[in-house]
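Listed below are the residues making up each chain.
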Amino acid sequence: MVPIYKSLNSKLLAIIAIIVTAAGALTAYYLDASEHQRLEQRLSGVLQAEALYFTESLAKEFSSHRELIRATARRFEQDFETLIANGVSPSDYEGFEQGKAYRRFDQHSSIFLPTTFQMNDAGRLEIDVSGEIWEALAPLVRDRFNPLFFISRHGFARVTPAYRVAGFRNDFRPTDVPLYKMAATAIGGEDQVLQGALSFDQINTAYSVAMASQVKVNGEYFGVVGGSINVSQWASILMGLDIEELPSQVMIFNNDGEMVLSSNEFLLHKKSLSEQATLEQIQAARATSNHMQRPVNSVTEDTQALIESLAKGDVEPMLMSQASVEGVPSYYIYKQFPGLDWNMLLAYDRSRLDAQVYDIRRRILVSFAVLVAVLSVVLTFILKYFFTSRVLELSKATHRLRQRQWQYRVPERGNDEVSLLGLQINKMADTLADTFTSLSDSVDSLQAANLNASKFISAIEHSSALVIIFNPFWQVEYTNTCFRKISGLNDITLKLKEALMLRPEDNETESSIRSTVEGGNEWQGEYAAIGDEAESLWLQMLVYAVKDDEGNVVNFVATGRNVTDVKESQIKMERLAFYDALTGLQNRLLFRDQLEREIIICQRDKSQLALMYLDLDHFKRVNDTMGHDAGDELLVTVANRLRNCLRQEDAVARFGGDEFAVMLTGIGSPHYASIVANKIISELNKPIYIKTQEVVVGVSIGITLAPHDGNSLSTLFKNADLAMYQAKDKGRNSFQFFTQDMNHEIADRLALEHDIKKALKNQEFILYFQPQVDLASGRIIGAEALIRWDHIERGLRSPLEFVPMAEETGLIVPLGKWILRAACQQAKSINKGLSLRIPISVNLSARQLADRSFVDTLSVVLQETKLDPGLLELEVTESLLMDNIDEVIEILGRIRDLGVRIAIDDFGTGYSSLSYIKRLPINRLKIDRSFIKDLPENQEDREITSLIIAMAKNLKLEVLAEGAETKPQVDLLTRLECGYSQGFYHSKPIPADQLMILLFERELQHLKAAG
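Residues numbered from 1 in each chain as written. Predicted model: local features only at pLDDT ≥ 70, side-chain atom pairs only at ≥ 80, totals over all residues. Heavy atoms only, no water.

Description of the confidence of the model for the protein
Here's step 1: Looking at the protein as a whole, its pLDDT mean stands at 80, while 85% of the residues score no less than 70.
Here's step 2: Element-level mean pLDDT values for the protein span from 42 in helix 6 (residues 279-287) up to 95 in strand 34 (residues 980-982).
Here's step 3: Below pLDDT 50 for its whole length, residues 267-297 participates in 43 contacts with residues either more than four positions away or in separate chains. (pLDDT = per-residue confidence, 0-100. Helix = DSSP H or I, 4+ residues; strand = E, 2+ residues; numbered from the N terminus. Contact = heavy atoms within 4.5 Å.)

So this is what it looks like as structure tokens:
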């Protein structure tokens, strides 16, 4: 049994119901639109009639006020002539002072005399006569005007009601009122009533419009009579009119878009009519409104925009339109006042009209709903008898056939479509019976064939190789488990590229496979592929065609295996061979090979390239102080920053340690290389944070150009290396281009190196000594040994000319050994004839301290010279200590164990920390001369020097200041309790014999001073 909601009857009824409902909706829509149009036309007529009625009523009211002003002015003229003829009694002006404002209150009026009023007989007469007239006129017209006023040509004003003058300022001049000026100068003035602008009456807290007319007596201009009309009172006039239906909004505005009377006043007066509100309540309500300057501000923005548009004349008068008024969708119409520059806006809430339309629509829809229900009941019985029961018989027949009851037949009745369908079902039953018999015979043979095929399919399915079978159109028909596992693809509707897991951009491999296999050949090869979850793979595949007996392609087959592990091993081996394991940059081997190829391209294309050789400044200090892991992290960061400074076609390599090389290809000029060098220096100078500690490194760069500076690898690398050392010599953290002058410099350096070796052999070096003085006693307590070169040809040479070269070439080791031996011998001689002990200080170089045999050499020299170890002091620079602090401490400890004194030279210029100083086995700190040379004037140097002295005392170390050259410097050092000093103030460096003489002289002076 078919459920009722699934039956054919229900569906047909639903279709009929939808059609009828749609017809009803269209009919309702049509009637709705027609009725809506009819109601709009009716409303338009009503609003037009109301607008005409309102404007004419208010125009009449306004006209009556004009006539009243005109009549008051004429009455004033007549009464004035009569009173002048009959005479008036003079008034009292008690308290009046010339130059001061004066106010006097009478019974029905008051006068205001401004500060400029000149009191004379004519003025008194005008004041008294106007008072008599006003006492008679004011009771008649004061209910229509508030205030009613007279402004005399002499400048005074008479006003009703009397309290109005209380609000006049003392500096107020009635003749300055714009309406007075208009009326006083009007042509034909006694017949004209002039109207002023809309204004806000602060006393009455209401908007008003003033009117005025000239007064002439005997043809002579006498003054102006006028009054103000409270426009809010018109609301009560309009709301009291007998009209068919009040609109939702009524507004009056002038041609400048200013509101004369808003909907708020109308509603308030409507309430007053129904609830008997007092005039004081109405005035109080207006006093709380916001329209103190422009009445239009009392309405919403949409209403304001509409009023301004109407004032401009954008909409035709007396034509109903639609707009938002006070935030409500409304129909509106506006009408101009006859003879005025005012307009009236009537708005009708659109929802009131829509409610009538909605009621009509509801009645139409209810009628159609009843019609649909009746039709549904009638059609249900008709369809069931003529259609549904016969369809169920057909369904029953198909059900029997599905159960293989081939003998069942559909009853035949009639010749309509349903009967023909039953006949065809009966014929189909006969055909199925015959087919079933033949199929049963074929099934047995197919089962045997399927058994054999399943064996082969199982073998392919579980094979460790990838197997994909395509149809002749390269569409996948079969994939085995291995393929699905690697690719993650189960959809057999794949294209060739997707099935072979080719990369999206690898069109060349796909084209090669198609052309090769379709051409009758096998395709075999390796390629990069994308596996499951975008995994990168390498596949080795064989693709071939399978043809039938006639040579036609029936399938394409692809078999292969995953060789990713093998390929990755090859790539890893290549990377280890050609790339730096730490930074991932090219190594020296790959970089040289690439540079060699680019040199050939430069020669062929007549272009040029730049080779840069980079060496990090003070990298060893980071390694020694923070550890090799921190150094490795620093190198990785430097490598990344170098990559970011270069173009894609450029190359960067790490040669080892902190040395890098950069190749800039296809550069237009050397200037580009300098731009890149500056960029690299700037980038590497930015702080690098390692283990939350900030590290700043510099870089020295040497640049050479090919083919300008050479075409061979050896030449270019040599040139770049020379330029790099030139950059280091010039202060580090800079770059230098290779020049031929560097070759000359190298030649000079080689010659100097040869001369130093020759000088060592020929004993051309001598020692000079600079005394060290005890500041408290003034006695010489030691001397520093300083080497000089007595050159055969050039004379006496400064150590600055040859010591750096000796350091660089390693000759400082034999030279330092000579200095040590000579200093020990001189110390022995100097101290032999003295009662004092005068230690001699000798400077140690970095190479000497790094020499593992130095301590043994020192021990041998002390034994051979038989010098007391306490008379020898070795000076080590502060920067030298930080290169490898642990190793330095161990070496200095061994030296101290021999009894030799140790001092830190140039203290304050390095980066040593207090924790390291405490660990060092030292006797003395020597303050660097850079802190002494600007004393005593430089306050910062004074504080640093004082701090070093205090620190040395706390560590129980001697302290000596180098470079003392003036008496103020020595005096300051003495006050700071610096123990010792050394410098030109005491003595310049002198030979040993002169030092002996100076020592004897100082001893004699000291003995004489002692007494």
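Regarding a nonpolar patch on the surface
Here's step 1: A cluster of nonpolar side chains, namely V366, V370, V374, V378 and I382, defines an oily patch on the protein surface of about 410 Å² accessible area.
Here's step 2: Among the secondary structure elements, V378 is positioned in helix 8 (residues 350-402).
Here's step 3: With relative accessibility at 46%, the residue V378 sits in the partly exposed group. (Patch = residues over 30% accessible without salt bridge, like charges linked within 9 Å, V, L, I, M, F, W, Y side chains within 5 Å. Areas by Shrake-Rupley, 256 points an atom, 1.4 Å probe, with all protein chains shown as cover. Salt bridge = Lys/Arg side-chain N within 4 Å of Asp/Glu carboxyl O. Buried < 20%, exposed > 50% of the residue type's maximum accessible area, 1.4 Å probe, protein only.)

Brief notes about the sheet that holds strand 15 (residues 476-479)
Here's step 1: Pairing is antiparallel across the open sheet formed by five strands, whose spatial order is 15-14-18-17-16. Looking along the sheet, the strands with just one partner apiece sit at the ends: strand 15 and strand 16 (523-530). Strand-to-strand twist across the sheet, computed as the mean angle between neighbouring axes with direction ignored, equals 25°.
Here's step 2: As paired elements, strand 16 and strand 17 (residues 536-547) share eight bridges and run antiparallel to each other. Across the sheet, Y527 pairs through a bridge with L539, a residue of strand 17.
Here's step 3: In this fold helix 12 (residues 507-518) packs onto strand 16, strand 17 and strand 18 (553-562), with an angle of close to 155° to the strand it touches most, strand 16. (Pairing = 2+ DSSP bridges. Axes fitted to C-alpha atoms, helices over the stretch in contact; angles between N-to-C directions.)

Thoughts on the pattern of salt bridges
Here the idea is simple: oppositely charged side chains can pair when their charged atoms come close.
Here's step 1: Following the criterion strictly, the structure yields 32 salt bridges and no others.
Here's step 2: Note that E126 and R153 form a salt bridge whose closest N and O atoms lie 3.2 Å from each other. Taken together, the positions of E126 in helix 2 (residues 121-141) and R153 in the loop between strand 3 (148-152) and strand 4 (157-160) put the pair 27 residues apart, joining distant regions of the chain.
Here's step 3: The exposure class assigned to E126 is buried, which follows from its relative accessible area of 3%.
Here's step 4: Judged by its relative accessible area of 32%, R153 is partly exposed.
Here's step 5: For E873, the salt bridge goes to R901, with nearest N and O atoms at 3.2 Å. Taken together, the residues E873 in strand 30 (residues 872-877) and R901 in strand 31 (residues 901-907) connect sequence positions 28 residues apart. This pair shows no difference in class: E873 is buried, exactly as R901 is.

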